[in-house]
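# Close look at the chain arrangement
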Amino acid sequence: MSRKKGNSKKSKKKYPILSFIFKAGIVVFLLGCLFFVLVFLGVLGPVPSKSQLHQINNPLASEVYSIDGKILGRYYVENRSYATFDEISPNVINALIATEDSRFYEHRGIDEIALARVLVKSILMRNDAAGGGSTISQQIAKNLFPRVDYGPLSMPVNKLREAIIAYRLERIYSKQEILALYLNTVPFAENVYGIEVAAERFFSKSPKSLDVHEAAVLVGMLKANNYYNPRTHPDRATGRRNVVIDLMVKNDYLNAADAEKYKEKPLGIHYRLISYNQGPAPYFLEKLRPELLEWCEDNTNENGEPYNLYTDGLKITTTIDYNLQRYAQQSVKEYMKNLQQVFDNHWKSRDIFKENPEILRSAIQNQNTSGASYSEELKKYSEKTHATLFSWDGVESMEVSRLDSLKHYLKLLNAGFIAIDPHSAQLKAWVGGIDYRFFQYDHVTAPRQTGSTFKPFVYLTALEEDIPADAYFVNQHKVYTEYNDWAPRNSHDDYGGFYSMKGALAKSLNTVSVEVLLEAGIDETIEIAEKLGISAELPDYPSLALGVASVSLKEMVEAFAGIVNDGRPVKSNYLLQIADKNGKILETFNYELSDDPVVSPENCRAVINMMEAVVDEGTGRGIRTVYKIPGEFAGKTGTTQNNSDGWFIGLTPELVTGCWVGADDPRVHFRTTTYGQGAYMAMPIVGKFFYKTYRDKKFEHLKYSTFRDPEPELLAMLNEPSFKEMLEIDKHEFNFASIFGKKKSEDLKNRPNAKPADDDKGQIWKKIKGIFKKKDK
């Protein structure tokens, strides 16, 4: 027995190292098991259960679509959209697997071979080119459940946690679902999440349409998304793309010959930025947002919770037509860039702020929240600061004083544009300004003085009040003593002769418009404008005829749409349906359109006929002469006091448009009507819009549509000469009402020997040499 004990002691002394290794191995193994159990049970940080992984719910942007199914913009916390596996090109799938996880179809979430390779090459051989050991499933775990800092244990805890999550993911989801999940969660450059938004941003394509070289660019970006951004670093992106293509060859997804062809191709970036404040329709998205938030509050999801506009991935379909919206935005930007250059040159040798110091004073005081005096506040504006300024040549970043920055923005002209289908009342285009990033104020809904664009409502009222369409009115500079000696003037100070309503509207004569208003009735005119949808306060004063009332562009265009719609009021609609992230329709919106005209359809057609003369021979003739717009087209220009506002309303049988142009402060304007009139400031935008629209095959049929003509008798009256230098008198068939008004005409006809002295309007009478032989209506 003593010998055996001795041998045992000798054995321990003989192999002490092996014994230590064995015991250490057991301890390490037990510690490893304990470590695994602690991570698995979530003691060292939460590990999602299978049920939680079944309900992976990334924040998804809600998307707004045009009526033709194209994306207009998104509301989001993360700019992410979801694409199913079938909606992703095989080129993307192949490039991803070849680059990120070549044994993807062979493992169950953890690639032991890849891990061993990384261990040997990266750690033992110090080879940084060994690549990563994380599978696509592990990367999903990393993206969905961000790593936590555990000090020196951070790497092992997070790696093990990701491996456990990856294994669970592989038991829950199919390989295709995992690929789709990865491509929808991974971040690309420029704060873009998911393959759908990335494909749209950099190639203006759906992920289904990506070619091999395009897919390689996007997949290559995943290694370091901003470093390989193809927009900002094209050379790096090209090199990385070619590496991805080579890996596709290595993993038998592409043959060498085709690979060389793809590597020779240019990057082919077709950049399109669509976010909340950039894209085809940012002002419209902001208009829509409050209504959508209200809808979300009133509707609940499958969990009984109100929908979240920013995270639930709602799909919102609107009436906006994508191409019309694009043409509207292009027309505004193209012309406003040119107009701003004209404006800047116009004021080049003069200082608008010295000529009118109140512009700066009021702007500074409006931003004064401290209660300091103007002089104290002005001193603060002399301090220089780093600022990002809007310019038509691109965003400029510079050191500039607050005062210079304020002056810069005060001198910028802005614009609003809207287009409506007058029969369905559907909104087709909405541009609220020149750049939403810098100017959130929406000029489509902003009230501004309307100028002469209000005159058609005056003439419509005249027809409603039975003033004949062939009545003639004297064009004279007149003082209205009963209205504080008010004396309206024509814009070019042209007077003399007699005009029909059609002729006066075509020439936009203020003198005749005031006479027509007084004959038709101010209250009656206000009533008709309100019936057609104008809710703004309208002054009970003759200057109403000249457009002194401030009305929004939206209300003006809707009111004109009502005229085109045969006197039936038009209230624009723009929301068609809301669906959930899976496309299930949650609500469809239907709108009741008015069937009852509030004014005579015949008189509406007569006013349209008058406005056609504005375009064919009047102030809006640039539509024909400059922009060569064919087909039936009616319109009205508008210019306000001091050229502060330029308007143009353009009407076709199927589309009613309107444009306003001016500075946010009305005191900033052109000094001359040459540049400040609506025909120069606003009409070209409408002209450009229709030029682009009519060249689009989708809309070329619009130029063949026609307005409904008035009845033959009314049409004949409208076709009488629009201007006469003098009128031939035949007292027995004298159209007194056309010159003196209905009440006075009855008095004069009953006094065939009446002399000018007997008449309140004797000065007019003296000028009359004759009159057309027409029956008094």
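Residues numbered from 1 in each chain as written. Predicted model: local features only at pLDDT ≥ 70, side-chain atom pairs only at ≥ 80, totals over all residues. Heavy atoms only, no water.

This paragraph deals with helix α8 (residues 175-185). Side chains of residues three or four places apart in an α-helix project in the same direction, reflecting 3.6 residues per turn. The element α8 is largely enclosed, with a buried count of nine among its eleven residues. Within α8, burial applies to Lys175, Ile178, Leu179, Ala180, Leu181, Tyr182, Leu183, Asn184 and Thr185. (Buried < 20%, exposed > 50% of the residue type's maximum accessible area, 1.4 Å probe, protein only. Helix = DSSP H or I, 4+ residues; strand = E, 2+ residues; numbered from the N terminus.)

A word on the layout of surface pockets. Here the largest pocket defines a volume of roughly 1400 Å³. Together, 48 residues line the largest pocket, and Leu60, Ser81, Tyr82, Lys581 and Asn582 are the ones closest to its centre. Those elements giving two or more residues to the lining of the largest pocket turn out to be β1 (62-65), β2 (71-75), α8 and α9 (195-203). Of the residues forming the lining of the largest pocket, the biggest block, six residues, is contributed by α8. When its residues are assigned to classes, the lining of the largest pocket shows 15 nonpolar, 17 polar and 16 charged. (1 Å grid on protein atoms, 1.4 Å probe; cavity = no way out; pocket = protein on both sides within 12 Å on 5 of 7 lines; lining within 4 Å. Points joined across faces, edges and corners; volume = space filled by probe spheres on them. Nonpolar A, V, L, I, M, F, W, Y, C, P; charged D, E, K, R; others polar.)

Once that is clear, we can look at the pattern of salt bridges. Under the criterion given, the structure shown has 29 salt bridges. The closest approach of N and O atoms between Lys698 and Asp68, which form a salt bridge, is 3.4 Å. Of this pair, Lys698 sits in the loop between α28 (683-694) and α29 (712-718) while Asp68 sits in the loop between β1 and β2, and the two are 630 residues apart along the sequence. You can call Lys698 partly exposed: its relative accessible area is 38%. Among the ionic pairs, Arg231 bridges to Glu190, the shortest N-O distance being 2.7 Å. (Salt bridge = Lys/Arg side-chain N within 4 Å of Asp/Glu carboxyl O.)

On to the pairing of strand β17 (residues 634-639). Within β17, five of the six residues are buried, which leaves it mostly tucked inside the rest of the structure. In this antiparallel pair of consecutive strands, β17 and strand β18 (residues 645-651), the connection spans five residues, and Asn642 shows a positive phi of 65°. (Pairing = 2+ DSSP bridges.)

With that out of the way, let us pick up helix α13 (residues 282-298). Compared with the 24 Å implied by 1.5 Å per residue over 17 residues, the 25 Å span of α13 between its first and last C-alpha is a close match. If you look at α13, its biggest bend is around 35°, right at Arg289, and the proline Pro290 turns up within four residues after that. The set of residues buried in α13 consists of Pro282, Tyr283, Phe284, Leu285, Leu288, Leu292, Trp295 and Cys296. (Expected span 1.5 Å × (residues − 1). Bend = angle between axes of the 7 residues up to and from the residue.)

Our next topic: the side chain of His669. Tracing the backbone shows His669 in the loop between β19 (656-663) and α26 (673-676). Among the polar contacts listed, one links the side chain of His669 to the backbone oxygen of Asn642, at a separation of 2.9 Å. Apart from residues lying up to four places away in sequence, His669 is in contact with Phe343, Trp347, Ile352, Asn642, Asn643 and Ser644. (Polar contact = N/O pair within 3.5 Å; in protein donor to acceptor, adjacent residues only side chain to side chain. Contact = heavy atoms within 4.5 Å.)

Our next topic: a negative patch on the surface. A surface patch of negative charge is lined by Glu291, Glu294, Glu297 and Asp298. Position of Glu294 among the secondary structure elements: in helix α13. (Patch = residues over 30% accessible without salt bridge, like charges linked within 9 Å, V, L, I, M, F, W, Y side chains within 5 Å. Areas by Shrake-Rupley, 256 points an atom, 1.4 Å probe, with all protein chains shown as cover. Lys, Arg positive; Asp, Glu negative; His and termini not counted. Charge placed at Lys NZ, Arg CZ, Asp CG, Glu CD.)

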